[in-house]
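An overview of the molecular structure
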Amino acid sequence: MKIYDLIGIGFGPSNIALAIALEEQKQTGHHAESFFIEKQPSFAWHANMMLDNAHMQVSFLKDLVTMRNPASHFTFINYLHQKNRLQDFINLKTFFPSRREFNDYLAWAAAHFDHCCAYGEEVIEVLPEKKGDEVSLLRVRSRDNAQTVHERLTRSLVISIGGHPRIPDCFSSLKGDARVFHSNNYLKEIAQHTHAQKIAVVGAGQSASEIFMDLHHRFDTTQIDLIMRARSIKPSDDSPFVNEIFNTDFTDYVFNSPEQERSKILNEFWHTNYAAPDLVLIEQIFNVFYQQKVAGAERHRFLRRHVVKKALAQPKGIQFILQDLNTNKERIVTYDAVVLATGYHRDHYKSLLNPLMPYFNDLKVDRQYRVCSTLHFKPAIFLQGACEASHGLSDTLLSVTAVRTSEISQAVINLFSQSKSLQAKRTMSSALV
Ligand SMILES: Cc1cc2nc3c(=O)[nH]c(=O)nc-3n(C[C@H](O)[C@H](O)[C@H](O)COP(=O)(O)OP(=O)(O)OC[C@H]3O[C@@H](n4cnc5c(N)ncnc54)[C@H](O)[C@@H]3O)c2cc1C
C-alpha cells in the first residue's frame, strides 16, 4: 500500500491553507506527498449558514496565504483578479466580503487540489501500524457514501475537522426529532418548516442573531422567540488594540504563558469571539423590536434572562419549561420548531484518535501544534482548530491560518529531513561495518 508523507482529515480552510503551504514549499525543493479526506461531497464552507447579507467577520487580508506570502497565487486579491472583479470589489470599499463570496474564493483555492483530495469520505478512525515495539505509521480508515471502507497509510496526520455541534443537556433526549436542530443544519432543516407558527432560537451569539433576522424576513407572521440566559446582547469588540490578540505573534505570547495566565487571557477576551454578534446586527434586531412597539403588535419576543429547564417532545410541538431568572417564575411554551444556536465543541478529534490513546500521556500539543506522544510512537499528529486553550482565541478562526499552516508544514519537512539524514547515517555506518 502506498505510504503518504501526510494525510489531512477535513478539507476546510485550515487544510486548504496547509495544501497551499506544502505546494509552495515544493518551490524550495521540499516535497511532501500529501492527501486530504473530506466528508462532504464537494467543498462547502458552513453551507447551512450561507445566509443572505452574511458577511465575513475578519478582513479579507486574513485569507489563506497573505499573512505568510502576499505574493502567492492563492491570495483573495488574485482570486478577484482571476474572476475579473478586482475593480468592482475595490469600489465596494470594504475589508469584509460577503460569506458567499469568501466561500467561492475558498472553493476556487480548493479546486487546485482535486487531484489529492477524496471528497465524500468520512474518516472514522486512525490505527497504529506497528514495526516491532515501535508505531511507525498510521492507518487512516474512512467510509464513503456507499459504506465502502478505505484505508490509507501515512507518516503524519493533520486533523482539521472544525467544530462539532454543542447540544445542551436538556435537548439531548430530543436527538432525532426533526423539529429540533442545530444552527449547523439551519438552511437544510428550516426548509422543512415552512408552516411553523412559533419558532424558538436558543443562543446569544452571531449565529443566533443572524438566524433571528433570517426568520423575521423569511416568514410573514411566524412568531420567533429569541431565548438567552444573558441580560443583553453584547457586541463583539473588534477595536484595534483588542484585535491585536488575533495577531500571529500573540500566539507565541499565549503559548509561552503559564497555564493559569493563559486561561486568564482567554477569559478576558472571551467576548471577542463568543456570544458577541456584530454591532450592526444587534442594531437590526433592536429595530425589529422597536418597530413592533410602534405598530403596537407583538410578534416576536426577546426572552433574555431565560433558561430552558426542560424540553419535551409532544405531538403538538416541542414543549419548553422556561425559567425567568429575574423572577424565578416558570412558564410552559410550545414551539413548532427549535433552532439551537448553541455553539460548537472542539474535542471530537479524540474519538478518531481513540485507538492511539495509550501512546499519549495527555493530549498536550507543542508550539507547532504537534500532539506530544511516547518515545515509541514515531508518526507526527498535528491539530488545527482544537488548540484554543494552548494557542489562544485565534485558533478556531481564520486569523492565523496562513501562518499556522506554514509552521506545521515546516515541522513536517523538518521531520522528514531528520529521518532521512538518520537513515543515511545508519546506511553509512552499516556499510563501514
Ligand atoms: C457560520 C460560521 C461563520 C464563520 N465566520 C467566520 C469568519 O467570518 N471569520 C473567521 O475568522 N472565522 C469564522 N468562523 C469560524 C470557522 O471556524 C473558520 O472560519 C473556519 O471554517 C475554520 O476552518 P477549518 O478548516 O479549521 O474548519 P471547518 O471550516 O469547520 O472545516 C472542517 C472540515 O472538516 C470536515 N470533516 C469533519 N469531520 C470529518 C471527518 N471525520 N472526516 C472527513 N472530513 C471531516 C468538515 O466537513 C469540514 O469541511 C465561522 C464559523 C461559522 C460556523
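Now for the overall build of the chain. Broken down by element type, the chain carries 13 helices and 19 strands. On C-alpha atoms alone, the chain measures out to a radius of gyration of 24 Å, which is about the 22 Å that the 2.2 N^0.38 rule sets for 433 residues. Expressed as lengths along the three principal axes of its C-alpha atoms, the size of the chain is roughly 95 × 50 × 45 Å. Counting over 433 residues, the chain shows a buried share of 48%. Excluding contacts between residues fewer than 6 apart, the proportion of contacts in the chain whose partners are at least 24 apart in sequence is 72%. As presented, the chain carries roughly 22200 Å² of accessible surface, and 51% of it is formed by carbon and sulfur atoms. Separation of charge centres in the chain, based on 48 positive and 46 negative side chains, amounts to 4 Å.

Evaluation of the coordinates by the stated rule reveals 0 disulfides. The thiol sulfur of Cys116 is not disulfide-bonded, and the nearest other cysteine sulfur, from Cys117, lies at 7.0 Å. By relative accessible area, which is 10% here, Cys116 ends up buried.

With that settled, the discussion passes to the side chain of Ser183. Relative to the helices and strands, Ser183 resides in the loop between β10 (180-182) and α5 (186-190). If near-sequence neighbours (up to four positions away) are discounted, Ser183 is found in contact with Asn48, Met49, Ser207, Ile211, Val339, Leu340, Ala341 and Tyr344.

This paragraph deals with empty space enclosed by the protein. This model, assessed by the stated rule, comprises 3 cavities of 30 Å³ or more. Quantified by volume, the largest cavity comes out at close to 50 Å³. In this structure, the largest cavity is lined by Ile159, Ile161, Gly162, Arg346, Tyr349, Gln384, Gly385 and Ala386. Across the lining of the largest cavity, the residue classes break down as 4 nonpolar, 3 polar and 1 charged.

Our next topic: the sheet that holds strand β2 (residues 6-9). Taken together, the 5 strands give an open sheet; going across it, the order is β4-β3-β2-β8-β19, and neighbouring strands pair in parallel fashion. Strand pairing shows two members of the sheet lacking a second neighbour, β4 (117-119) and β19 (380-383), which therefore form its edges. Strand after strand, the sheet turns through a mean of 15° between neighbouring axes, direction not considered. The sheet contact formed by β2 and strand β8 (residues 156-159) spans 3 bridges and is parallel. Residue pairing for β8: Gly8 is matched across the bridge by Val158.

Moving on: the site of the ligand. Surveying the vicinity of the ligand reveals 27 residues, the closest of which are Ser14, Glu38, Trp45, Gln57 and Leu398. The contact in question runs from an oxygen atom of the ligand to an N or O atom on the side chain of Gln40, over 3.1 Å. Here an oxygen atom of the ligand sits 2.8 Å away from a polar atom, N or O, in the main chain of Gln57. Here the ligand has 980 Å² of accessible area as a free molecule, and 90% of this is covered by the chains. Of all elements in the fold, only α1 (13-26), β3 (34-38) and β5 (121-131) reach the threshold of two or more residues within the shell around the ligand.

Take the packing of aromatic side chains next. Across all of its chains, the model carries 25 aromatic pairs by this definition. Seen in terms of ring centroids, Phe11 and Phe36 are 5.0 Å apart; in terms of plane orientation they differ by 40°. Their pairing is tilted. With Phe11 in the loop between β2 and α1 and Phe36 in strand β3, this residue pair connects regions lying 25 residues apart in the sequence. In this structure an aromatic cluster arises from ring pairing among Trp45, Phe60, Phe74, Phe76, Tyr79, Phe89, Phe95, Phe102, Tyr105, Trp108 and Phe113. In this arrangement the basic side chain of Arg262 is found over the ring face of Phe255, its NZ or CZ atom lying 5.3 Å from the centre. Here Arg404 stacks its cationic end above the ring of Tyr369, 6.0 Å away from the centre of that ring.

Within the open sheet, the 3 strands sit side by side as β14-β15-β16. Their pairing is antiparallel. If you trace the sheet from one side to the other, it starts and ends with β14 (306-314) and β16 (330-335), each paired once. Shown here is a sheet whose adjacent strand axes are inclined to one another by a mean of 25°, direction ignored. Direction of pairing for strand β15 (residues 317-324) relative to β16: antiparallel, over a ladder of 6 bridges. Paired with Ile318 across the bridge in β16 is Tyr335.

Position of Phe377 among the secondary structure elements: in the loop between α11 (349-352) and β19. By relative accessible area, Phe377 is classed as buried at 4%. The sequence separation of Phe377 and Ser136 amounts to 241 residues, and the corresponding C-alpha distance is 6.7 Å.

Let's shift gears to the pattern of salt bridges. Overall, the coordinates contain 19 salt bridges when judged by the stated rule. In this structure, Glu210 engages Arg99 in a salt bridge whose closest nitrogen and oxygen atoms are separated by 2.6 Å. Of this pair, Glu210 sits in helix α6 (residues 206-218) while Arg99 sits in helix α4 (residues 99-111), and the two are 111 residues apart along the sequence. We note that Glu210, like Arg99, is buried. A salt bridge links Glu129 to Arg139, with the shortest nitrogen-to-oxygen separation between them at 2.9 Å. Of the two residues, Glu129 sits in strand β5 while Arg139 sits in strand β6 (residues 134-144), which places them 10 residues apart along the sequence.

Along a regular strand, successive side chains alternate from one face of the sheet to the other. Among the 8 residues that make up β15, 8 are buried, leaving the element largely enclosed by the rest of the structure. For β14 and β15, the ladder comprises 8 bridges, and the chain directions are antiparallel. Looking at β15, one finds that Leu312 is bridged to Gln319. Between β14 and β15, which pair antiparallel one after the other, the connecting turn spans 2 residues.

Quick notes on the rules
- Residues numbered from 1 in each chain as written.
- Predicted model: local features only at pLDDT ≥ 70, side-chain atom pairs only at ≥ 80, totals over all residues.
- Heavy atoms only, no water.
- Helix = DSSP H or I, 4+ residues; strand = E, 2+ residues; numbered from the N terminus.
- Rg over C-alpha atoms; globule rule 2.2 N^0.38 Å.
- Buried < 20%, exposed > 50% of the residue type's maximum accessible area, 1.4 Å probe, protein only.
- Contact = heavy atoms within 4.5 Å.
- Areas by Shrake-Rupley, 256 points an atom, 1.4 Å probe, with all protein chains shown as cover.
- Lys, Arg positive; Asp, Glu negative; His and termini not counted.
- Charge placed at Lys NZ, Arg CZ, Asp CG, Glu CD.
- Disulfide = S-S within 2.5 Å.
- 1 Å grid on protein atoms, 1.4 Å probe; cavity = no way out; pocket = protein on both sides within 12 Å on 5 of 7 lines; lining within 4 Å.
- Points joined across faces, edges and corners; volume = space filled by probe spheres on them.
- Nonpolar A, V, L, I, M, F, W, Y, C, P; charged D, E, K, R; others polar.
- Pairing = 2+ DSSP bridges.
- Axes fitted to C-alpha atoms, helices over the stretch in contact; angles between N-to-C directions.
- Near = heavy atom within 4 Å.
- Polar contact = N/O pair within 3.5 Å; in protein donor to acceptor, adjacent residues only side chain to side chain.
- Phe/Tyr/Trp six-rings, centres within 6.5 Å; stacked < 30°, edge-to-face > 60°.
- Lys NZ or Arg CZ within 6 Å of the ring centre and 35° of its normal.
- Salt bridge = Lys/Arg side-chain N within 4 Å of Asp/Glu carboxyl O.

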